[in-house]
Amino acid sequence: DKLKMENLEKFVEEKGNASKRYFDKIRAAEAVLVFNPEKNGVKNYIGGNTLMEIGIAFDQNKKIFVLDELPEESSFHDELVMVRPVCLKGDLTKIK
């Protein structure tokens, strides 16, 4: 119905604008740090939004640090490996 469509359009616009703001911050940054705790029973979870942000960082030749190991159960594990992130294993002192 019309109300659902208006809400969907508003959501899509707000989500898109928020993503663009994050992408701009990534472009301006020296590196990115991915916080990947367990979520919904998936250890070291990285979701779709974070994958997009990692893709922007990769495209911009930014260093990519991941707080914990990469998720083994991810449907885009190969893409995560391809960007060659530094897995910190919880140790922020490894950021260089």
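One structure accompanies this document, and this report is about it. (Residues numbered from 1 in each chain as written. Predicted model: local features only at pLDDT ≥ 70, side-chain atom pairs only at ≥ 80, totals over all residues. Heavy atoms only, no water.)

1. Observations regarding the pairing of strand β2 (residues 63–66)
Piece 1. Taken together, the 4 bridges between strand β1 (residues 31–34) and β2 define a ladder with parallel strand orientation. Bridged to V32 within β2 is I64.
Piece 2. Pairing between β2 and strand β3 (residues 86–87): 2 bridges, direction parallel. When the bridges of β3 are listed, V66 appears paired with C87.
Piece 3. In the classification by handedness, the crossover that spans β2, the intervening helix α3 (residues 77–82) and the parallel β3 is right-handed. (Pairing = 2+ DSSP bridges. Helix = DSSP H or I, 4+ residues; strand = E, 2+ residues; numbered from the N terminus. Right-handed = clockwise from strand over helix to strand, strands pointing away.)

2. Observations concerning the pattern of salt bridges
Piece 1. Tallied over the entire structure, the rule returns 3 salt bridges.
Piece 2. Put simply, E14 and K10 hold a salt bridge, and the shortest N to O gap is 4.0 Å. Here E14 pairs with K10, and both are found in helix α1 (residues 2–28), just 4 residues apart, close to one helical turn.
Piece 3. According to the relative accessible area criterion, E14 is partly exposed, its value standing at 46%.
Piece 4. Residue E69 pairs with K89 through a salt bridge whose shortest N-O separation is 3.7 Å. Within this pair, whereas E69 is found in the loop between β2 and α3, its partner K89 is found in the segment after β3, the two being separated by 20 residues in sequence.
Piece 5. Given the relative accessible area of 35%, E69 is considered partly exposed. (Salt bridge = Lys/Arg side-chain N within 4 Å of Asp/Glu carboxyl O. Buried < 20%, exposed > 50% of the residue type's maximum accessible area, 1.4 Å probe, protein only.)

The analysis is restricted to geometry; functional conclusions fall outside its scope.
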